[in-house]
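Descriptive analysis of the structure
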Amino acid sequence: MKIAIGADSAGKPLLDVIEAHLATKAGITVSNLSQSGFYADLSKGLAETIVSGENERGILICGTGIGVSISANKVPGIRAALTHDTYSAERAAKSNNAQIITMGARVIGPELAKAIVDKWLESEFDPNGSSAGNVDAMNRLDTGK
């Protein structure tokens, strides 16, 4: 699996922990897309690599996780979910088919962040499950149909 990661200056220390954690996982390739500047630009760039198929999933980190989540969700076709616990990470994947999770480095600690990433990565969306209709409806919002 190809995963893009990125953080602003507030999220960089937690991103470093997540990047090292992902490096221990077999079958995962990580691209760190962090850059200086606005987190909105970082989020847009990372989200666009997912829409294009260059990466399958993404992780964005800022101080609260809110700004990068809002910014990533501006990209048509993206579902980014703010996650600060393992249950929301699991549901982000299983119920919402979120390709991106976001976290706040000033909100959660490194061990919880690693557990959130692990839960999200092991969870998969069921296209025939009870949430499929909701995801289809979200997708229609991108196209205006």
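Preceding block: the structure.
Cut-offs and rules
Residues numbered from 1 in each chain as written. Predicted model: local features only at pLDDT ≥ 70, side-chain atom pairs only at ≥ 80, totals over all residues. Heavy atoms only, no water. Axes fitted to C-alpha atoms, helices over the stretch in contact; angles between N-to-C directions. Helix = DSSP H or I, 4+ residues; strand = E, 2+ residues; numbered from the N terminus. Parallel < 35°, antiparallel > 145°, perpendicular 65-115°, else oblique. Left-handed = near helix turned anticlockwise from the far one by under 90°. Contact = heavy atoms within 4.5 Å. Pairing = 2+ DSSP bridges. Buried < 20%, exposed > 50% of the residue type's maximum accessible area, 1.4 Å probe, protein only. Right-handed = clockwise from strand over helix to strand, strands pointing away. Expected span 1.5 Å × (residues − 1). Arc of directions from axis to C-beta. Phe/Tyr/Trp six-rings, centres within 6.5 Å; stacked < 30°, edge-to-face > 60°. Lys NZ or Arg CZ within 6 Å of the ring centre and 35° of its normal. Core = buried A, V, L, I, M, F, W, Y, C linked by side-chain atoms within 4.5 Å.

Take the packing of helix α1 (residues 12-23) against helix α5 (residues 110-122) next. Two elements in contact, α1 and α5, have axes whose closest approach is 10 Å; the angle formed by their N-to-C orientations is 50 degrees. Here α1 lies oblique to α5, going by the angle between them. The crossing of α1 and α5 is right-handed. Side by side, α1 and α5 meet where Leu14, Val17, Ile18, His21 and Leu22 of the first sit next to Pro110, Ala113, Lys114, Val117, Asp118 and Leu121 of the second.

One open sheet accounts for five strands, arranged β2-β1-β3-β5-β4; its pairing is parallel. At either margin of the open sheet sits one strand with a lone partner, and together these are β2 (29-32) and β4 (80-82). Adjacent strand axes in the sheet meet at a mean angle of 20 degrees when their direction is disregarded. The pairing of strand β1 (residues 2-7) with β2 spans four bridges and is classified as parallel. Along β2, the bridge assignment pairs Ile3 with Val30.

Turning our attention to the pairing of β1. With respect to burial, β1 is a largely interior element, five of its six residues being buried. Taking the sense of rotation as the criterion, the β-α-β connection linking β1, α1 and β2 turns out right-handed. When β1 meets strand β3 (residues 57-62), the two strands line up parallel, connected through five bridges. Within β3, the residue paired with Ala4 across the bridge is Gly58.

Its 13 residues give helix α2 (residues 39-51) an end-to-end C-alpha distance of 18 Å, which sits within 8% of 18 Å, the value for a rise of 1.5 Å per residue. Inspection of α2 places Leu42, Ser43, Leu46, Ala47, Thr49 and Ile50 among the buried residues, and these make up the whole buried set. Looking straight down α2, one finds its buried side chains confined to an arc of 150 degrees; they lie on one side. Residues of α2 that are buried sit in contact with β1, β3, α3 (66-72) and β5 (100-104). Downstream of α2 by one or two residues, Gly53 has phi in the positive range, about 90 degrees.

This part takes up the packing of aromatic side chains. Counted according to the given criterion, the structure contains zero aromatic pairs. Above the face of the Trp120 ring, Arg57 is positioned so that its terminal group lies 4.6 Å from the ring centre.

Turning our attention to the nonpolar core. Generally speaking, soluble globular proteins have nonpolar side chains that are buried together. Formed by 22 residues in total, the largest nonpolar core has its most connected members in Ile59 and Met103. Those elements that provide at least two residues to this core are β1, α1, β3, α4 (86-94), β5 and α5. Tallying contributions element by element places α5 first for this core, with five residues. Residues in contact with Ile59, not counting those within four places in the same chain, are Ile3, Ala4, Ile5, Gly6, Ile18, Leu22, Leu46, Ile101, Met103, Val117 and Trp120. With 13 residues, the next largest nonpolar core counts Ala4, Leu42, Leu46 and Ile50 among its residues.

Limitation: the analysis is restricted to geometry and does not speak to function.
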